[in-house]
Amino acid sequence: MADNTSYLPPEIIESILSRLPAKSLLRFKSVSKSWNTMIADPVFVQNHIRQSKHSNSDNLFLCPNTYPIPVVKLGDKKIQTLQRIESRYARWHELCFCDGVILLTDGTYMRFALWNPSTRTSKNLWYKYSCPEAAFGLCRDPATDDFKVVIADSNYYSVYSCKNKSWIMLKKKYDVKYTGLGVNLSYNNIGVCVDGASYWVWGNDNATQIELVYFDPRDDEFKILHMPENIADANQKFTYAVELKGCLCLYYNGMDESRIQIWTKEKGIDGHSWKVLITVENVGMSIWAFQPLCFVGDKIVVWKRGLLRRGLLIYIPSEKRFEEFEKGTVGIFDYPIPYIDSIFFPSEKPRPKMQRKRKFLQ
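Residues numbered from 1 in each chain as written. Predicted model: local features only at pLDDT ≥ 70, side-chain atom pairs only at ≥ 80, totals over all residues. Heavy atoms only, no water.

Student: Just to check I follow, could you spell out the overall build of the chain for this structure?
Tutor: Scanning the chain from N- to C-terminus turns up five helices and 24 strands. Taken across its 362 residues, the chain has 52% of its residues classed as buried. Taking the contacts inside the chain whose residues are at least 6 apart along the sequence as the reference set, 49% of them involve residues at least 24 apart. With the model as given, the accessible surface of the chain reaches about 18000 Å², and the carbon-plus-sulfur share is 51%. (Helix = DSSP H or I, 4+ residues; strand = E, 2+ residues; numbered from the N terminus. Buried < 20%, exposed > 50% of the residue type's maximum accessible area, 1.4 Å probe, protein only. Contact = heavy atoms within 4.5 Å. Areas by Shrake-Rupley, 256 points an atom, 1.4 Å probe, with all protein chains shown as cover.)

Student: Looking at this structure, I do not really get the packing of aromatic side chains. What am I missing?
Tutor: Counting across every chain of the model gives 19 aromatic pairs. Both rings, one in Phe-147 and one in Phe-344, keep their centres 5.4 Å apart while their planes meet at 55°; by these two values the pair is tilted. With Phe-147 in strand E9 (residues 147-152) and Phe-344 in the segment after strand E24 (337-338), this residue pair connects regions lying 197 residues apart in the sequence. Within the aromatic cluster, the residues linked to one another by ring pairs are Tyr-157, Trp-200, Trp-202, Phe-215 and Phe-222. Seen from the ring of Phe-344, Arg-140 lies directly overhead, with NZ or CZ sitting 3.7 Å from the centre. Of note, Lys-245 hangs over the ring of Phe-295, and the distance from its end group to the ring centre comes to 4.3 Å. (Phe/Tyr/Trp six-rings, centres within 6.5 Å; stacked < 30°, edge-to-face > 60°. Lys NZ or Arg CZ within 6 Å of the ring centre and 35° of its normal.)

Student: Sorry if this is basic, but what is going on with the pairing of strand E16 (residues 240-244) here?
Tutor: Consecutive side chains along a regular strand alternate between the two faces of the sheet. Counting buried positions over the five residues of E16 gives four, a clear majority of the element. Of the strand pairs in this sheet, E16 and strand E17 (residues 247-252) are connected by five bridges, and their pairing is antiparallel. Bridge pairing in E17 links Ala-241 to Leu-250. In this structure, the hairpin formed by E16 and E17 is closed by a connection of two residues, where Lys-245 is found at a positive phi of approximately 55°. (Pairing = 2+ DSSP bridges.)

Student: Could you clarify how one ought to interpret the nonpolar core in this entry?
Tutor: Inside soluble globular proteins, nonpolar side chains tend to come together where they are buried. Within the largest apolar cluster, 33 residues are counted, with the highest numbers of intra-cluster contacts made by Leu-103, Phe-112, Leu-114 and Phe-136. Setting aside its immediate chain neighbours within four residues, Leu-103 contacts His-93, Glu-94, Leu-95, Cys-96, Phe-112, Ala-113, Leu-114, Phe-136, Leu-138 and Val-149. Counting residues in each nonpolar core, the second largest holds 20 residues, with Leu-244, Ile-260, Tyr-315 and Phe-322 among its members. (Core = buried A, V, L, I, M, F, W, Y, C linked by side-chain atoms within 4.5 Å.)

Student: Whenever I open this one, the packing of helix H3 (residues 33-40) against helix H4 (residues 42-54) confuses me. Can you help?
Tutor: Two packed helices can be described by the angle between their axes and the distance between those axes. One can describe the packing of H3 onto H4 by two numbers: an axis separation of 5 Å at closest approach and a directional angle of 65°. Residues Met-38, Ile-39 and Ala-40 of H3 form the contact with H4, whose participating residues are Pro-42, Phe-44 and Val-45. Counted by class, the contact of H3 with H4 contains six nonpolar, no polar and no charged residues. (Axes fitted to C-alpha atoms, helices over the stretch in contact; angles between N-to-C directions. Nonpolar A, V, L, I, M, F, W, Y, C, P; charged D, E, K, R; others polar.)

Student: What is the right way to read unusual backbone geometry from this model?
Tutor: With glycine set apart, most residues show a phi of negative sign, and most peptide bonds adopt trans. Even without a glycine there, the phi angle at Asp-220 is positive, about 60°. Of note in the backbone geometry, Lys-245 takes a positive phi value of approximately 55° without being a glycine. Counting through the fold element by element, Lys-245 comes out in the loop between E16 and E17. You can call Lys-245 exposed: its relative accessible area is 52%.

Student: Explain the pattern of salt bridges to me, please; I cannot follow it from the model alone.
Tutor: Side-chain pairing between opposite charges can occur once the charged atoms of the two side chains come close. Enumeration over the complete set of coordinates arrives at 14 salt bridges. Taking the shortest distance from any N to any O, the salt bridge between Lys-267 and Asp-195 comes out at 2.8 Å. Separated by 72 residues along the polypeptide, Lys-267 in the loop between strand E18 (260-265) and strand E19 (274-280) and Asp-195 in the loop between strand E12 (192-194) and strand E13 (197-203) bring together distant segments of the chain. A relative accessible area of 46% places Lys-267 in the partly exposed class. Several salt bridges converge on common partners, so that one network encompasses Asp-216, Arg-218, Asp-219, Lys-223 and Asp-270. (Salt bridge = Lys/Arg side-chain N within 4 Å of Asp/Glu carboxyl O.)

Student: I tried to follow the sheet that holds E17 on my own but got confused; where do I start?
Tutor: Strands in a sheet are paired, the pairing made by backbone hydrogen bonds, and the direction either parallel or antiparallel. A sheet is described by the order of its strands in space; here four strands give the open sequence E16-E17-E18-E19, paired in antiparallel fashion. Strands with a single pairing partner mark the edges of an open sheet, and in this sheet they are E16 and E19. Across this sheet, the average inter-strand angle for adjacent strands is 30°, counted without regard to direction. The sheet contact formed by E17 and E18 spans four bridges and is antiparallel. Residue Tyr-252 lies in a different strand from E18, and its bridge partner there is Gln-261.

What follows is the structure, encoded as structure tokens:
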């Protein structure tokens, strides 16, 4: 097909395309060679992810254990189903996610898969032994754009490089005081990916000391990040990590189980400052059952985990109380998985970059 778009500046075309959904972009790659090159360019892919994160993707979620898999938008006590996705991994378990890509396992914890539900692109991975007690994470090296899978046991960890298509095994190293840190808090074995790094809250063998640990994809090392003083001083072993509003957050309830405080870290892997994001009052559930998902305005959507009763609640800060979602909308799915409309997939071969000067969209 002839390229009939030359009368529009490439920057204008790119700005328009970066705001379109992944499904449309895949179709528009066949419009012309220049569009195909533009959409496949790594800089454009990153711009598209950034646009998705800053649009309405903050409260888009996949609903596992329902097939075809629904993509839903969480609102103020309402759930809107946007689409349903066919998947060859319907019976697999979701472990963690990063930039629209999900790490799954078939339950053997030897066979894994990377899957982008927006493009239906996938890649299977094999691990050398079964590791159901390990910690899992996804991350992305901002310098090399290498997407990595991290599997960490008590003392060793393995890293799969999508660029090199290979595994490496390394020994975890900490300051001498924390050499006992390991993967022994089963409720914190799923990494939270923010700004390209994966974060976990881990404890020592006796769970008498906890630390916020992260995997730095720039040098493939585990490091310790200082937590807010309120949490560190109290040594709250029931502390959880979560991503909210694009930032790493920690939440705990201290001595007063009716209040949960959520702290947020400044952006960037090297950012270390914290501030209080919100204090949730009149919780009425254990912190184990409390899982914040997203904000709707100034309200926060919470997944209430439980063996018998589970579902969605919304917390209203001005009234310091929770409300249930509308009847008929709560029980349609298990714990929801964040969804980002993305054309990114790490196993694709690098494409030649465009000759014109490129820049990231603001």
